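In case you want the letters, here they are:
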Amino acid sequence: MSNAANDFDSNHNNSTWTGTVTVDDTALAVTDTGGAGMPVIYLNGSYATQRSWRPVIAELGTGWRHITFDERARGKSKKSADYSFEACLRDIDAVLAARGVQQALIVGWSYGAALAVQWAASNPGRVAGVVMVDGGYPWDYLATVDNGDREAGRQEIRRLFKKLRFPMMMAAMLGLTARMTAAQAAEVNIELNEIVAVSDPVFDQVTFPMRFIVGSGAAQGATEEGHAAMRATLDPIIARNPNVQMSAKVTSNHTDIVRKDFRAIAAAVGEIAAAQHSAVR
């Protein structure tokens, strides 16, 4: 697939660059394929790494400039004292600045989708468009626990991660999850839920093309009914903001969606590029 605008106006190199970008107290592992195509920056799921995007990148091909990175304590990036959502937003700024990119198309999955919409809404002039991969929905999970007792919801998340602390330690040693403690991972999850719970108004600030890839079924840590309720929050957003559209609803669940439905994600990237091309004609 190679429908990117090859005359995209951005600073670029023609060769792939792999290295680290220093931000705050950490160093992020970054890969930039270079080239003159539209820059696409990929934002990972909570505990995933930049490797997850390889099928999407291969499907899109060399007509695009692909920028991936491992978040703090993921993959080859260093640990940090700060794993907050705000820190992750700063990481996006740092990676784009280090690679000399003024405007990019953003692809975010799960936690990365929440980052994508928040960063894009704050930087609309720097966004060519956003692909949201089964994430960033304005769903208030904490309000669904124990008759809306949000503190009970927080404690439930902490208990869940406490139970998972030994499997997470082993997975981290194998490079399969974030190298943070179970308690730190729980707080990351709680903070995300707090942010997305009040994020519905943010979608009214979307003045650029946004395309959703919506998954199906359940995934680890949530029931099928819970995921259905989460995904249903997208319907009123699409109804009121024509910039936000569903590109595809796929059969994969939340965990497998990037690996199995990479073609749908690549197609959504192409849709945004086509929309941008039409807008400037």
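Not measured: the values here are computed from a predicted model. (Residues numbered from 1 in each chain as written. Predicted model: local features only at pLDDT ≥ 70, side-chain atom pairs only at ≥ 80, totals over all residues. Heavy atoms only, no water.)

What to know about the pairing of strand β6 (residues 127–133)
Judged by how many residues are buried, β6 sits mostly within the fold: seven of seven residues are covered. Looking at chain direction, strand β5 (residues 104–109) and β6 are connected through six bridges and run parallel. Looking at the pairing, Ala104 lines up with Val127 of β6. Following the chain from β5 across helix α3 (residues 111–122) to the adjacent parallel β6, one finds a crossover that is right-handed. (Buried < 20%, exposed > 50% of the residue type's maximum accessible area, 1.4 Å probe, protein only. Helix = DSSP H or I, 4+ residues; strand = E, 2+ residues; numbered from the N terminus. Pairing = 2+ DSSP bridges. Right-handed = clockwise from strand over helix to strand, strands pointing away.)

With respect to the sheet that holds strand β1 (residues 17–23)
On the basis of which strands lie adjacent, the open sheet formed by eight strands has the order β1-β2-β4-β3-β5-β6-β7-β8 and mixed pairing. Each edge of the sheet is formed by a strand with only one pairing partner; in this case those strands are β1 and β8 (244–249). Across this sheet, the average inter-strand angle for adjacent strands is 20°, counted without regard to direction. With four bridges connecting them, strand β3 (residues 39–43) and β5 associate as parallel partners. (Axes fitted to C-alpha atoms, helices over the stretch in contact; angles between N-to-C directions.)

Some points on the layout of surface pockets
Taken as a whole, the second largest pocket spans an internal volume of roughly 350 Å³. Of all the secondary-structure elements, those providing two or more residues to the lining of the second largest pocket are β1, β2 (26–32), α1 (54–60) and β4 (65–69). In terms of residue class, the lining of the second largest pocket is made up of four nonpolar, nine polar and four charged. (1 Å grid on protein atoms, 1.4 Å probe; cavity = no way out; pocket = protein on both sides within 12 Å on 5 of 7 lines; lining within 4 Å. Points joined across faces, edges and corners; volume = space filled by probe spheres on them. Nonpolar A, V, L, I, M, F, W, Y, C, P; charged D, E, K, R; others polar.)

Thoughts on unusual backbone geometry
Peptide bonds are mostly trans, and most non-glycine residues show a negative phi. Here the phi dihedral of Ala73 falls at roughly 70°; this positive angle occurs in a residue that is not glycine. Note that Ala73 resides in the loop between β4 and α2 (85–98). One non-glycine residue, Asp134, lies in positive phi territory at about 45°. Note on placement: Asp134 falls in the loop between β6 and α4 (150–163).

Here's the deal with the packing of aromatic side chains
On inspection of all chains with the given rule, the structure shows six aromatic pairs. Considering the side-chain rings of Tyr42 and Trp53, the 5.2 Å spacing of their centres and the 40° angle between planes classify their relative orientation as tilted. Of this pair, Tyr42 sits in strand β3 while Trp53 sits in the loop between β3 and α1, and the two are 11 residues apart along the sequence. Between Trp53 and Trp109, the ring centres sit 6.4 Å apart and the planes meet at 85°, which makes this aromatic pair edge-to-face. You can see Trp53 sitting in the loop between β3 and α1 and its partner Trp109 sitting in strand β5, a full 56 residues away along the chain. Trp53 gets classed as buried once you look at its relative accessible area, which sits at 0%. We classify Trp109 as buried; its relative accessible area is 10%. The ring of Trp17 has Arg99 sitting right over it, with the charged end atom 4.1 Å from the ring centre. (Phe/Tyr/Trp six-rings, centres within 6.5 Å; stacked < 30°, edge-to-face > 60°. Lys NZ or Arg CZ within 6 Å of the ring centre and 35° of its normal.)

Considerations on empty space enclosed by the protein
Across all of its chains, the model carries one cavity of 30 Å³ or more by this definition. Computed from the structure, the largest cavity encloses a volume of approximately 80 Å³. Considering the residues around the largest cavity, the lining is formed by Tyr42, Leu43, Asn44, Gly45, Ser46, Ala48, Phe69, Glu71, Arg74, Tyr111 and Leu115. For the lining of the largest cavity, the secondary structure elements donating two or more residues are β3 and α3. A per-class count over the lining of the largest cavity returns six nonpolar, three polar and two charged.

Looking at the confidence of the model for the protein chain
On average, the protein chain scores 91 in pLDDT, and the residues at 70 or more come to 92%. Across residues 1–10, confidence stays below pLDDT 50; counting only partners more than four residues off in sequence or on other chains, it has 31 contacts. (pLDDT = per-residue confidence, 0-100. Contact = heavy atoms within 4.5 Å.)

Structural notes on the side chain of Gln50
The residue Gln50 is located in the loop between β3 and α1 in this model. At a separation of 3.2 Å, a polar atom in the side chain of Gln50 contacts the side chain of Thr31. The contact partners of Gln50, leaving out residues within four places of it in the chain, are Ala29, Val30, Thr31, Asn44, Thr68, Phe69 and Asp70. (Polar contact = N/O pair within 3.5 Å; in protein donor to acceptor, adjacent residues only side chain to side chain.)

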